[in-house]
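If you want the building blocks of each chain, they are given just below.
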Amino acid sequence: MTIAAARQPGPRFVPPALVGVAALLVALLIMELLIQFNFVSRFIVPPPSEIIGSFGRVIVEEHVFSRFLLTLGECLTAGVMLTVFGIAGGVLMHRIKLLQQACETWVAAMAAAPVVLAYPLFMVIFGRNAWTIIMMGFFAALPPVILKTIEGMANTRKVLVNVGRSFNLTPTQQFWKIMFPAALPTIFVGVRLGLIFALINIVGVEFLINYGGLGQLINDLAERYDLAGTYAAICFVILVSVLFFMTLEKAERWLRPID
Amino acid sequence: MPSNASTNDAILVADDIVVRFETPEGPITAVDNVSLKVQPGEFLSVIGPSGCGKSTLFNVIGGLLGEHQGVVTVAGETISGPHKSIGMVFQEESTFPWRTVTDNVGFPLELVGMPKAQRIERARHFIKMVGLDGFENRYPGELSGGMRQRVSLARTLASEPKILLMDEPFAALDEQTRLLLGDKVLQIQQHLKQTTLLITHNITEAVQMSDRILVMTYRPGKVKRIVDINLPRPRTSEIVGSEAFGRYVAQIWSDLREEASRGMQDEEKHVLEHPGTAS
Amino acid sequence: MATTDRLTRFVAAEPLVSHVTLLRIAIILAVLAIWEFMAHSGLLYRDVVPSLFAIGKALYDLLSHADFYFNLGVTAAEIGTALLIGGFSGLAVGILLGANRFLSKAFEPYLYYLGPTPKIIFFPIMIMWFGVGPSSKIALGTLSCFFPVALSVAAGMRQIDKVLIRVGQSFRASTWQMITKIYLPAMRHPIINGIRLGLGVALIGTLLAETKLSNKGIGFLIINAYSTFDMPRMYAMLIVLFVLAIGANALVGRLGDLEGIKRT
């Protein structure tokens, strides 16, 4: 073992994660004190104790669980559409080289475009309902899935393709038995990105058009001037978003254990 | 140069350096009571097998490794961090890819606030010294590995250090480039009468360039032997091919071989005992 | 004969207009044709798909009135300010987290997991804190772009070739010198990428906030067109917006290429 691999002696007795959490708690405590002693107006920032206190109320009275299911349902619908059309689109573009050459930069440009800003347009087309939300999530999140699918298929190691050819596989067999499985890890990265974009846009649009599940909850509470409730709802949405993100990460790691 | 000169004459003194590290397998002693003295204008090489702690020693003397026992003094002053009289040349590629050759070499001068015109002139002087005139406005990406090491060398020389400290600067280069660069460095050192401390694992290089060679043991690194190289300068290819030269090399190799094979056994043992880990 | 072979191969080379371009033109024309058909077919509620001529006219109207440019200026100023504040604070935090392993392990997870949450939901808070004017939009834009910049810079710091840091230390560079002469130049690609992402989300955040609650800016114009059901105008606005957004993104990307050609 080289000396370079050895660690230097250092503070090993305080795990950093604990420090992070502690810092957060200290910050909350300071906020609480500042507000209670009127250094910060409680009409602008409610004291953390009040926010935490309103969690129970919000969860029960505002039917947070059913709202969560609604948002989840929208995400899943968008997610399924995303996966099907995104992968299909990517595969199509990979198979038809000319199509890829013509359209790939367009798709990349769409990835950089603020698609979600077209939500008023979608409202006109679909009405102020769940379909606007789902479609927005779908369109905003489609480009990364397509792009990653193309990438995954393009990066199949040549040798694997040659193995298939050496066994005289038909193009269809070649696709299903070799190229698609080999591309799956990258495709999954694309789907993960797509799902995250979908969630972000879905919750955002729910907030903006004041319809739907969790996003709408925040809007509602804000318009009712329920300060503590609004903060609580935002915390809740953050929590859901973080858990969603973590779950996707775990799933991805499970799918590609060797990397 | 006599090796038993009094400490008062020596420009660099390392006294009883001990360096220990914490590793997942427990503490290891990288450097164990190493002392050395370097006289002004002297070329001292430190040679040892991989894992003998010579790079650690390099970092201690260069002031980049604070956690050690023992004291390093430069012209009487104890160091507590990189000292202005010590210039370091690293083993890895260390030129700044976003700066031209001139801007690279002028870097230390920029740090101390030298005015631009003066900086450029000084940089040009050292660029010429390492034989890279004509390449002032190129970027390191356009140069070969050997040329880049020359830029690193010029950069360190531009800060006009009293002591030049080099850690296997030619290790990444092919043999022929290494020999040519070695010649160049020797030429510059003799011309500037630059005190130089070279860390290396290459015996021929050490014997060719040095006044004295310090041979280290395998970990924990101690001083095994100090060899005076009483060969005339300049060290022409005749001298390199001479019998005396060969005897020095053989002598040092017999010391090193023992240490090197201890090192190899240790490494093999480690791999066997820790399957699945990277070393 | 050998020469005829070579001649034939030459003749069979690139046509004047490449196949790719032809396909692109074909696709665009097909889309436009279908659009125009839908517009006149009466299949959809009136004006949901306005005729291309109507859109063109609205586009012309839009771009020829000072009104639009005033609002564009407001939005651009909001985004620019958000990018400045968010960018610099992201840079500072990123450098801090990237330089210190401990701080990184303690606090970077917060940034990492908060990054992909929709920032627009914080808008009610921004309104409470900053009022209904441009400040709340700038605040939201700043919040949005802080995260990608900080994360990109923190990662960039860790990827800096360690030896370059040791060179700076061996020459006793001060902290400020280390930052300006070593860290920042070594990280120019992650920084530019971070800014590119940051610009994208700052743009979205600011504009969405404008659509929600504002009386100026492009977002306001869009939602205004919606509420007056002036569909051709809305389409025109969206076209202009998308062109500007994609253009800005490409420009920042090009900035990266410019510097990086010679110097890895």
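Since the structure is predicted, the reported quantities are computational estimates derived from the model, not experimental observations. (Residues numbered from 1 in each chain as written. Chains lettered and ligands numbered in written order. Predicted model: local features only at pLDDT ≥ 70, side-chain atom pairs only at ≥ 80, totals over all residues. Heavy atoms only, no water.)

> Can you explain the overall build of chain B? Please cite residues and give values.
The helix and strand tally for chain B stands at nine helices and 10 strands. Overall, chain B is about 55 × 45 × 40 Å in size when its C-alpha atoms are taken along their principal axes. Burial analysis of chain B (279 residues in total) assigns 53% to the buried set. Taking contacts inside chain B between residues at least 6 apart in sequence as the whole, the part at least 24 apart equals 70%. As displayed, chain B has an accessible area near 12500 Å², and 50% of this comes from carbon and sulfur atoms. Distance between charge centroids for chain B: 4 Å, based on 29 positive and 35 negative side chains. (Helix = DSSP H or I, 4+ residues; strand = E, 2+ residues; numbered from the N terminus. Buried < 20%, exposed > 50% of the residue type's maximum accessible area, 1.4 Å probe, protein only. Contact = heavy atoms within 4.5 Å. Areas by Shrake-Rupley, 256 points an atom, 1.4 Å probe, with all protein chains shown as cover. Lys, Arg positive; Asp, Glu negative; His and termini not counted. Charge placed at Lys NZ, Arg CZ, Asp CG, Glu CD.)

> Residues and numbers for the overall build of chain C, please.
Scanning chain C from terminus to terminus reveals 12 helices and zero strands. Secondary structure elements of chain C, listed N to C terminal, follow the sequence α-α-α-α-α-α-α-α-α-α-α-α. In terms of C-alpha radius of gyration, chain C reaches 25 Å, well past the compact-globule figure of 18 Å for 264 residues. With the C-alpha coordinates of chain C rotated into their principal frame, the extents come out at 80 × 70 × 35 Å. Across chain C, the fraction of contacts at a sequence separation of at least 24, relative to all contacts at a separation of at least 6, is 72%. Surface accessibility of chain C: about 13700 Å² in total, with carbon and sulfur atoms responsible for 70%. Charge centroids of chain C, computed over 22 positive and 13 negative side chains, lie 14 Å from each other. (Rg over C-alpha atoms; globule rule 2.2 N^0.38 Å.)

> Describe the interface of chain B and chain C, naming the residues involved and giving the relevant values.
Contacts between chain B and chain C engage 23 residues on the former and 20 residues on the latter. A buried area of about 2000 Å², summed over both sides, lies between chain B and chain C, and 66% of it is on carbon and sulfur atoms. It is Trp98(B), Leu111(B) and Tyr139(B) in chain B that bury the most area against chain C; as a group they hold 33% of the surface buried on that side. On inspection of chain B and its partner chain C, the count reaches two salt bridges. On inspection of chain B and its partner chain C, the count reaches four residue pairs in polar contact (both at pLDDT 80 or more). Elements represented by at least two residues in the side of chain B that touches chain C include exactly α3 (107-111) and α5 (145-158) of chain B. Take the side of chain B that touches chain C: its biggest share by element is four residues, from α3(B). (Buried area = accessible area lost by both parts, 1.4 Å probe. Salt bridge = Lys/Arg side-chain N within 4 Å of Asp/Glu carboxyl O. Polar contact = N/O pair within 3.5 Å; in protein donor to acceptor, adjacent residues only side chain to side chain.)

> How would you explain the packing of aromatic side chains if you had to name every residue and give the values?
Counted according to the given criterion, the structure contains 19 aromatic pairs over all chains. Members of the aromatic cluster, joined through ring pairs, are Phe85(A), Phe122(A), Phe126(A), Phe138(A) and Phe139(A). Sitting above the plane of the Phe96(B) ring, Arg155(B) keeps its charged end 5.0 Å from the centroid. Residue placement shows Lys212(C) over the ring face of Phe207(A); its charged tip is 4.9 Å from the ring centre. (Phe/Tyr/Trp six-rings, centres within 6.5 Å; stacked < 30°, edge-to-face > 60°. Lys NZ or Arg CZ within 6 Å of the ring centre and 35° of its normal.)

> Could you give me a rundown of empty space enclosed by the protein, with the residues and numbers involved?
Over the atoms rolls a probe the size of a water molecule, and in doing so it shows where empty space is left. Residue and element names in this part refer to chain B. A complete count under the given rule lists seven cavities of 30 Å³ or more for this structure. When its volume is computed, the largest cavity comes out at roughly 60 Å³. Along the walls of the largest cavity sit Val89, Gln149, Arg150, Leu153, Pro169, Phe170, Leu181, Lys184 and Val185, which together make up its complete lining. Breaking the lining of the largest cavity down by element, the ones donating at least two residues are α5 and α6 (175-192). Here the lining of the largest cavity is built from residues that sort into six nonpolar, one polar and two charged. (1 Å grid on protein atoms, 1.4 Å probe; cavity = no way out; pocket = protein on both sides within 12 Å on 5 of 7 lines; lining within 4 Å. Points joined across faces, edges and corners; volume = space filled by probe spheres on them. Nonpolar A, V, L, I, M, F, W, Y, C, P; charged D, E, K, R; others polar.)

> Would you mind going over the pattern of salt bridges in detail, with residue names and values included?
Residues and elements named next belong to chain B. In total, this model carries 25 salt bridges over all chains according to the counting rule given. For the salt bridge of aspartate 32 with lysine 222, the shortest nitrogen-to-oxygen distance reads 3.0 Å. Taken together, the positions of aspartate 32 in strand β2 (residues 26-38) and lysine 222 in the loop between β9 (212-216) and β10 (223-228) put the pair 190 residues apart, joining distant regions of the chain. Among the residues examined, aspartate 32 registers a relative accessible area of 17% and is labelled buried. The class of lysine 222 is partly exposed, set by a relative accessible area of 37%. What emerges from the salt-bridge pattern is a single network uniting Lys224, Glu258, Glu259 and Arg262.

> Tell me about the sheet that holds β2(B), residues and numbers included.
All names here are of chain B. Here four strands make up an open sheet; going across it, the order is β2-β1-β4-β5 and the pairing antiparallel. What marks the edges here is a single partner per strand, and that holds for β2 and β5 (77-78). Here nine bridges tie strand β1 (residues 12-23) to β2, and the two strands are oriented antiparallel to one another. Paired with alanine 14 across the strands is leucine 36, a residue of β2. Its contacts with the sheet place helix α1 (residues 54-61) against β1, β2 and β4 (69-74), and it is angled at close to 120 degrees to β1. (Pairing = 2+ DSSP bridges. Axes fitted to C-alpha atoms, helices over the stretch in contact; angles between N-to-C directions.)

> Residues and numbers for the sheet that holds strand β3 (residues 43-47) of chain B, please.
Hydrogen bonds between backbone groups are what pair the strands of a sheet, and the pairing can be parallel or antiparallel. Residue and element names in this part refer to chain B. Taken in spatial order, the six strands line up as β6-β7-β8-β3-β9-β10 in an open sheet, and their pairing is mixed. Of all the strands in the sheet, just β6 (86-89) and β10 have a single pairing partner and so form its edges. Sheet twist, expressed as the mean angle between neighbouring strand axes with direction ignored, is 15 degrees. Pairing analysis gives four bridges linking β6 to strand β7 (residues 163-167), with the strands arranged parallel. When the sheet's bridge partners are listed, methionine 88 is paired in β7 with leucine 165.

> Can you tell me about the side chain of Thr156(A), naming the residues and giving the values?
All names here are of chain A. Assignment of secondary structure puts threonine 156 in the loop between α6 (130-154) and α7 (158-166). Note on threonine 156: relative accessible area 12%, which makes it buried. Only 2.8 Å separates the side chain of threonine 156 from the backbone oxygen of methionine 153, close enough to count as a polar contact. If near-sequence neighbours (up to four positions away) are discounted, threonine 156 is found in contact with Val161, Met179 and Ala182.

> Tell me about the pairing of β10(B), and name the residues and values.
Residue and element names in this part refer to chain B. With five bridges joining them, β9 and β10 adopt antiparallel strand pairing. Across the sheet, the residue bridging to valine 215 is arginine 225, located in β10. Here β9 folds back onto β10 in antiparallel fashion, the turn holding six residues.

> Please set out the interface of chain A and chain C residue by residue, giving values where relevant.
Listed per partner, the contact involves 52 residues of chain A and 45 residues of chain C. Overall, the association of chain A and chain C removes approximately 4400 Å² of surface from exposure, summing both partners, and the carbon and sulfur fraction of that is 83%. Among the residues chain A hides against chain C, the three largest losses belong to Pro114(A), Leu117(A) and Val124(A). Together they make up 14% of the total. Connecting chain A to chain C are zero salt bridges. The interface formed by chain A and chain C holds 12 residue pairs in polar contact (both at pLDDT 80 or more) in total.

> Lay out the environment of Ala251(A) in plain terms, naming residues and giving numbers.
Note on placement: Ala251(A) falls in helix α10 (residues 227-255). Taking the C-alpha atoms as reference, Ala251(A) lies 15 Å from Ser241(A); in sequence the two are 10 residues apart.

> I'd love a proper account of the side chain of Gln216(A), names of residues and values included.
Residue and element names in this part refer to chain A. You can see glutamine 216 is positioned in helix α9 (residues 214-223). Among the polar contacts made by the side chain of glutamine 216, one reaches the side chain of asparagine 210 at a distance of 3.4 Å. Those residues in contact with glutamine 216, other than ones at most four positions away along the chain, are Arg67, Glu206, Phe207, Asn210 and Tyr211.

Everything listed here is a matter of coordinates, which is why it stays silent on function.
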